[in-house]
Number of protein chains: 2
Amino acid sequence: MPVRKEDYTKVYEALSAEGRQELYSRLTELISEERRGVFERLAPNRTRHITVVLEDVFQSHNASAVLRSCDCFGVQDVHIVAQRNQFTISSEVAMGSNKWVDYYMHRDIRETYAQLRAKGYRIVATLPHERDTLITDLDISQPTALVFGTELTGLTAEAVEGADSYVKIPMYGFTESFNISVATALSLFSLTERMRRGESSNWRLSEEELLALKLDWCIQTIRDGESVAREIVQQLLLGSGM
Amino acid sequence: MPVRKEDYTKVYEALSAEGRQELYSRLTELISEERRGVFERLAPNRTRHITVVLEDVFQSHNASAVLRSCDCFGVQDVHIVAQRNQFTISSEVAMGSNKWVDYYMHRDIRETYAQLRAKGYRIVATLPHERDTLITDLDISQPTALVFGTELTGLTAEAVEGADSYVKIPMYGFTESFNISVATALSLFSLTERMRRGESSNWRLSEEELLALKLDWCIQTIRDGESVAREIVQQLLLGSGM
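Residues numbered from 1 in each chain as written. Chains lettered and ligands numbered in written order. Predicted model: local features only at pLDDT ≥ 70, side-chain atom pairs only at ≥ 80, totals over all residues.

**Observations concerning the overall build of chain A**
The test is simple: Going along the chain from the N terminus, every DSSP run of H or I of four or more residues is numbered as a helix, and every run of E of two or more is numbered as a strand. Each residue is classified by how many other C-beta atoms fall within 10 Å of its C-beta atom, where C-beta atoms are placed from the backbone; a count of 20 or more means buried, 12 or fewer means exposed, and values in between mean partly exposed. We call two residues in contact whenever the C-beta atoms placed from their backbones are within 7 Å.
On a plain count of helices and strands, chain A comes out with 10 helices and eight strands. Taken across its 242 residues, chain A has 43% of its residues classed as buried. Of the contacts made within chain A by residues no fewer than 6 positions apart, 82% connect residues no fewer than 24 positions apart.

Spelled out as structure tokens, the structure:
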């Protein structure tokens, strides 16, 4: 099983949908009106329709820049496969995005692909020099996991062979490469723009996911948020049988 | 007058169009077949329809990354306005793109704008937080100069007030900013993709510009290229009255 960043869902799993809504109301009393407004504005624009897989990214400032781009484009989930590299978030580069994006740590690329496929994702590897589909032409009707490799060696053979299809970024220059943070930003920009313009109809989070996300963000924001949330959950369970 | 990177046009200004074509033939005998093929493939994809103005970019590795993106997207001209900062190319970041892109050094943003306007450009400043046109909606029927500011303070008031219009990159995250190299790459990607897909009809270089560009690239490539070219020009002028 992949290790999720922080998983607060256990905190409120005993609550019904109404209980969770009540938990959210109570938690938002503890954050500023402005912050709540930001959550309400951003959450409906988050997506899991597009997700990112980073294979063995050597320099953690690059991985952190990818998290930041995911946040900017509303891509909620990032899968980091670190067989060889210790992954740490560079807070200066991530600019806090690691608090708002869900990242999952994996050890094995094949397992990662299998788990994503089980969730309905098509695995698309990015290969700068292949004569394949341009990112601008990629069909995004199905949930899509974009795989990016390391700066040094690109994707491993396993990551390439295990993918369902391949894309590249259109380039017209002598220097036919981008660093990984630019490549990811360009790809996510291209795909999420098309997604939002209607090329995929099912990109939004479900009501349940939306609430879970806002609960997660609240708990991240409130000092000692997890304990605070647990306490409210106890009150709700005792008080009303929710 | 802006200072151009290197200006080899003086070398062959005495030649007629046919003479220049002959110069190109002779110069390409001195480079590999493969390299010539690259020139022939890339030159028709270069454009001056979109150009970039960098105002006072503090970190030269960022400016170098911008040159690299311009090369990748086929944007031929970059205008660097350096009132306060000494500008140097970081060769590691630029990856040679400074050889293939034409950059012009300016001292004053107002003068730069005036010169670009005289050439028919509309000046579009990029402002991340303005409620203005999205880069994805910017009308690019007219030649467009995109202005990017420094990492530290953004664009100067002069640069903002002097612009004809403003654009921003669509963002849906908590971290509402990109570093300048990502912002430039995203903007150029978006505009040049639309340009190539037909949203501007007049983006290609003229025959004359195309030949000048290929001559420039040859002279850059050949060792002691300028002297070699001068010698051929002399032969052509003496030999055939071209």
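Once you've had a look at it, read on.
**Here we look at the interface of chain A and chain B**
What counts, and what does not: Ten residue types, Ala, Val, Leu, Ile, Met, Phe, Trp, Tyr, Cys and Pro, are classed as nonpolar, four, Asp, Glu, Lys and Arg, as charged, and the remainder, Gly among them, as polar.
Contacts between the two partners involve 25 residues from chain A, matched on the other side by 25 residues from chain B. Secondary-structure elements contributing two or more residues to the side of chain A that touches chain B are helix H3 (60–73), helix H5 (97–100) and helix H8 (180–199) of chain A. Of all the elements, H8(A) adds the most residues to the side of chain A that touches chain B, at six residues. Residue composition of the side of chain A that touches chain B, by class: 14 nonpolar, eight polar and three charged.

**What to know about the packing of helix H1 (residues 17–28) of chain A against helix H9 (residues 207–221) of chain A**
Residues and elements named next belong to chain A. Selection rule: For every element, the axis is a line fit to its C-alpha atoms; helices are fit only across the contacting stretch, and the angle between N-to-C directions ranges from 0 to 180 degrees. Angle categories are assigned with fixed cut-offs, so that under 35 degrees is roughly parallel, over 145 is roughly antiparallel, 65 to 115 is roughly perpendicular, and the rest are oblique. Should the near helix be turned anticlockwise from the far one by less than a right angle, the crossing is left-handed, and should it be turned clockwise, the crossing is right-handed.
At their nearest, the axes of H1 and H9 sit 10 Å apart, and the two run at 30 degrees to each other. Judged by the inter-axis angle, H1 sits roughly parallel to H9. Crossing of H1 against H9: the hand is left-handed. Facing H1, whose interface residues are Arg-20, Gln-21, Leu-23, Tyr-24, Leu-27 and Thr-28, H9 presents Leu-211, Lys-214, Leu-215 and Cys-218. Classifying every residue of the contact of H1 with H9 by side-chain character gives six nonpolar, two polar and two charged.

**Observations regarding the environment of B:Leu23**
Residues and elements named next belong to chain B. Secondary-structure assignment places Leu-23 in helix H1 (residues 17–28). Along the primary structure Leu-23 and Ala-229 are separated by 206 residues, whereas in three dimensions their C-alpha atoms are 7.5 Å apart. Setting aside residues no more than four positions away along its own chain, Leu-23 makes contact with Tyr-12, Leu-15, Leu-215, Ala-229, Ile-232, Val-233 and Leu-236.

**Points about the relation of the copies chain A and chain B**
Which entries qualify depends on this criterion: Least-squares superposition of the copies uses the C-alpha atoms of those residues scoring a pLDDT of at least 70 in each of them.
Superposition of chain A onto chain B requires a rotation of 180 degrees combined with a translation of 0.0 Å along the rotation axis, giving an RMSD of 0.0 Å. The superposition of one copy onto the other is thereby described by a two-fold rotation axis. A share of 100% of the interface residues of chain A reappears at the interface of chain B, consistent with the copies meeting face to face through the same patch.

**A look at unusual backbone geometry**
Even without being a glycine, A:Asp224 presents a positive backbone phi close to 55 degrees. With respect to the helices, strands and loops of the structure, A:Asp224 is situated in the loop between H9 and helix H10 (225–240).

**Some points on the confidence of the model for chain A**
What counts here: Every residue carries a pLDDT, the predictor's confidence in it, which falls somewhere between 0 and 100.
In this model, chain A carries an average pLDDT of 88, and 87% of its residues clear a pLDDT of 70 or more. Across the interface, the model reports ipTM at 0.85; the global pTM reads 0.88.

**Side note on the nonpolar core**
Quick reminder of the rule: Nonpolar core, as used here: buried Ala, Val, Leu, Ile, Met, Phe, Trp, Tyr and Cys residues forming one set through C-beta atoms within 7 Å.
A:Val147, A:Leu186, B:Val147 and B:Leu186 are the most contacted members of the largest nonpolar core, which has 128 residues in total. The residues touching A:Leu186, leaving out its near neighbours within four places in the chain, are A:Ile169, A:Phe178, B:Ala185, B:Leu186 and B:Phe189.

**Considering helix H6 (residues 109–118) of chain B**
Residues and elements named next belong to chain B. We count it as follows: When we speak of the arc, we mean the arc of directions from the helix axis to the C-beta atoms.
Listing the buried residues of H6 in full gives Ile-109, Thr-112, Tyr-113 and Leu-116. Each buried residue of H6 lies within a common arc of 100 degrees when the element is viewed along its axis, so the set occupies one face. Exposed and oriented more than 90 degrees from the buried face of H6 are Ala-114 and Ala-118. Where the residues of H6 are buried, they touch strand E2 (50–55), strand E3 (77–81), strand E4 (102–106), strand E5 (122–126), strand E7 (144–148) and helix H7 (157–161). After H6 finishes, the residue Gly-120 shows a positive phi value of roughly 95 degrees.

**Observations concerning the pairing of E2(B)**
Residues and elements named next belong to chain B. Our working definition: A pair of strands counts as paired when DSSP detects no fewer than two bridges linking them.
With six of its six residues buried, E2 lies for the most part within the structure. Burial along E2 is two-sided: Ile-50, Val-52 and Leu-54 facing one way and Thr-51, Val-53 and Glu-55 facing the other are all buried. Note: E2 against E7, five bridges, orientation parallel. Note that in E7 the partner of Thr-51 across the bridge is Ala-145. In terms of strand pairing, E2 meets E3 through four bridges, oriented parallel. Each residue of the ladder has a partner; that of Glu-55, found in E3, is Val-81.

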